[in-house]
Each structure stands twice: as C-alpha cells, then as structure tokens.
Amino acid sequence: MSIDLDIDGGIATILIDRPAKLNAMDHAHYRQLSRAWVEVRDNPEIRVAIVTGAGDKAFSVGADLKSFTTARGELSETWMPQRDMLLNRGLEVFKPVIAAVNGYCLGGGMTLLMATDIRIASDTATFGLTEVKRGLIAANGGTQRVLKQLPHAIAMELLLTGRSFDAQEALRWGLVNRVVPPAGLMGEARGLAAAIAENAPLAIQASKELALRSHDMDLAAGLRAEQLTNRLLQTSDDVAEGARAFAEKRAPHFRGI
C-alpha cells in the first residue's frame, strides 16, 4: 500500500502505487493521497506537481469498490467533509498539477484527472465516468466538473451511459492536452513541469487561482481581482528579479518571495 511522493528540483511527483489493483484506492490510500496533496500545497520547495499511476495498465480506476461498499463509516462523518481532503474533492492547491495518464483512467481516476490543470495521455489510455454502472454517481467532482470541461451533449452522454472512450476522443474533445507513446509519457510530463518550474512561482499560483475563480466571478469582479493581484505582485522580489534578468539578458532566478 503506497502513495509515493518524490520531490526533485521543485517538481513533486505523486505516484499511486497499487498496480495489482489497477491503482484503485481504499480509505487508507485516500488518506495518504490527501497528505500528499497537502504537502504539495504547503511545501515552498514545490512549484509544480505531476500525478500518475504505477505500472503500464492504469492511471487509476478510482475507489476500491469492495472496501467502500463493506465499510460505510459513521454517519457523523457526513458532517466532516473537510477531513482527508483531496484535490478533486475541493482542496485548494494553486500550484499547477499535471496528470500523466497511462492505461485506465476510470471512475475516481477520471474525476482526479478533471481536477488537474494539464493532462498528458499515452495512446493506450482509456477514460470513463463509469460509476452509474455500479449504482453510484461520479462523486468527488465528477458531476460538477464534466459540464464545465466538455460540451453539454458529450458530457451528459458520458455521465449517463458510463461508457469508456480512448485517448484520441479525449484529445478531440480537449479533455487532454496531447497524446504520446507510453515510453514518452513521463518525459513529456516532466518537460512541461520543468518549463513551469522556471517561471515565477507567485505569479504562477496567482494566475491559477484567478483562472479557477473566474468560473464564479463576473467579468468586472475578475478584472478588479487581476488589477489588485498585479499591484501586489509588483512588491515581490520576483518582479524585481525578472526586470533585472531582462535588462542583463540572462535567465531569471525566481525564489517565490
């Protein structure tokens, strides 16, 4: 049982490591995954994260249904929704998150995917919101994000039929950024992560937060939030470093302060 977190050069890699179960997660795995997301959020050394699954068969098929259907927990847990928060359940992580998807990305794996910012898929990847086939709904954001990320008719077909679809369909609908051979998956994800990690971390996090909050703000409120954020960032060391680097014709060295 393992959710592995590796940090290297400002890039955190979260590995869902249960390949024998297609990287399905029980309660213990979800608690470990929650701790990993909190570390990504709170560790100033981390500038960007990659989430992927171990092995070549699955990114994740979501919840281990056997463990969840046999252990319902106390009713009081219903009123503790902030405990063991996850990225797709509503934990606010404004550092960019890249999904590297190889194999099955179904159920909770798909809802996790939809909570990430940039998605790279291998040409062997398979996607689906399959919960209705098991008597459940696509929880942890499945029903909430799919209509925001896909056209209405396509989203409703996937949500209500539970059918699977391949990487080329995902690419055509804009659900993933690009499709690559399996051997190039992690290299592509790490290349993107490295490009992001070179940029000013405060500006990156502010950009992500403003973009996400635009779903709930009208244009006037969003423009005002941008003005205030830019004015705040002008007081940072990173903006001064960016100006110096431009004048000196060199790469900037941002510190996130």
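Criteria and thresholds
Residues numbered from 1 in each chain as written. Predicted model: local features only at pLDDT ≥ 70, side-chain atom pairs only at ≥ 80, totals over all residues. Heavy atoms only, no water. Helix = DSSP H or I, 4+ residues; strand = E, 2+ residues; numbered from the N terminus. Rg over C-alpha atoms; globule rule 2.2 N^0.38 Å. Buried < 20%, exposed > 50% of the residue type's maximum accessible area, 1.4 Å probe, protein only. Contact = heavy atoms within 4.5 Å. Lys, Arg positive; Asp, Glu negative; His and termini not counted. Charge placed at Lys NZ, Arg CZ, Asp CG, Glu CD. Core = buried A, V, L, I, M, F, W, Y, C linked by side-chain atoms within 4.5 Å. Domains from an automatic or database assignment. Buried area = accessible area lost by both parts, 1.4 Å probe. Salt bridge = Lys/Arg side-chain N within 4 Å of Asp/Glu carboxyl O. Polar contact = N/O pair within 3.5 Å; in protein donor to acceptor, adjacent residues only side chain to side chain. Nonpolar A, V, L, I, M, F, W, Y, C, P; charged D, E, K, R; others polar. Pairing = 2+ DSSP bridges. Axes fitted to C-alpha atoms, helices over the stretch in contact; angles between N-to-C directions.

Asker: How do you make sense of the overall build of the protein chain when you look at a structure like this?
Answerer: Summing up its helical and strand segments, the protein chain has 10 helices and 10 strands in all. Relative to its length of 257 residues, the protein chain is compact, with a C-alpha radius of gyration of 19 Å against a globular reference of 18 Å. Along the longest, intermediate and shortest principal axes, the C-alpha atoms of the protein chain span 60 × 40 × 35 Å. Burial status across the protein chain gives 44% buried among its 257 residues. Intrachain contacts of the protein chain at a sequence separation of at least 6 include 68% that bridge at least 24 residues. Looking at charge distribution, the protein chain has the averaged site of its 29 positive side-chain charges lying 3 Å from that of its 30 negative ones.

Asker: Sorry if this is basic, but what is going on with the nonpolar core here?
Answerer: Taken as a class, soluble globular proteins show a tendency for nonpolar side chains to be buried jointly. W37, V51, V101, M110 and F127 are the most contacted members of the largest nonpolar core, which totals 45 residues. When residues of this core are traced back to their parent elements, those giving at least two are β2 (11–16), α1 (27–42), β3 (48–53), β5 (97–101), α3 (108–114), α5 (152–161) and α6 (167–172). Per element, the largest residue contribution to this core is five residues, and it comes from α1. With residues near it in sequence (within four places) discarded, V51 still touches I14, I16, W37, F59, V97, I98, A99, A100, L112 and T116. Judged by nonpolar contacts, the second largest core, of 16 residues, contains I11, V48, I118 and A193.

Asker: Got a minute to help me understand the domain arrangement of the protein chain in this structure?
Answerer: Where the parts come together, the accessible area they lose is often given as the size of the interface. For the protein chain, the assigned domains are domain 1 (2–198) and domain 2 (201–248). The C-alpha centroid of domain 2 is placed 27 Å from the C-alpha centroid of domain 1. Of the residues lining the interface, nine residues belong to domain 1; the matching set on domain 2 comes to seven residues. Summing both partners gives a buried area of about 780 Å² for domain 1 against domain 2, and 62% of it is carried by carbon and sulfur. At the junction of domain 1 with domain 2, the criterion picks out two salt bridges. Where R213 meets E92, a salt bridge forms, and the shortest distance between an N and an O atom there is 3.0 Å. Viewed at the interface, domain 2 and domain 1 are joined by four residue pairs in polar contact (both at pLDDT 80 or more). Looking at the side of domain 1 that touches domain 2 residue by residue, the class counts come to five nonpolar, no polar and four charged.

Asker: Which parts of the structure should I look at to understand the sheet that holds β3?
Answerer: In a beta sheet, neighbouring strands pair by backbone hydrogen bonds and run either parallel or antiparallel. With respect to topology, six strands assemble into an open sheet ordered β1-β2-β3-β5-β7-β10, the strand pairing being mixed. Both outer strands of the open sheet, β1 (3–8) and β10 (178–180), are each paired with one neighbouring strand and no more. The sheet shows a mean angle of 20° between the axes of neighbouring strands, taken without regard to direction. In terms of strand pairing, β2 meets β3 through six bridges, oriented parallel. In the sheet register, A12 faces β3, and the bridge partner there is A49.

Asker: Got a minute to help me understand the sheet that holds strand β8 (residues 126–128) in this structure?
Answerer: Judged by pairing direction, the sheet is mixed, and its four strands sit side by side in the order β4-β6-β8-β9 without closing on themselves. In this open sheet, the two edge strands, each paired with only one partner strand, are β4 (58–60) and β9 (165–166). The sheet contact formed by β4 and strand β6 (residues 104–106) spans two bridges and is parallel. When the sheet's bridge partners are listed, S60 is paired in β6 with C105.

Asker: Would you mind showing me how to read the pairing of β2 here?
Answerer: Where a strand is regular, its side chains alternate between the two sheet faces. For β2, a buried count of five out of six residues is recorded, marking the element as mostly surrounded by other parts of the structure. Pairing analysis gives six bridges linking β1 to β2, with the strands arranged antiparallel. The partner of D4 across the bridge, within β2, is L15. Connecting the antiparallel pair β1 and β2 is a turn made up of two residues, with G9 showing a positive phi of about 60°.

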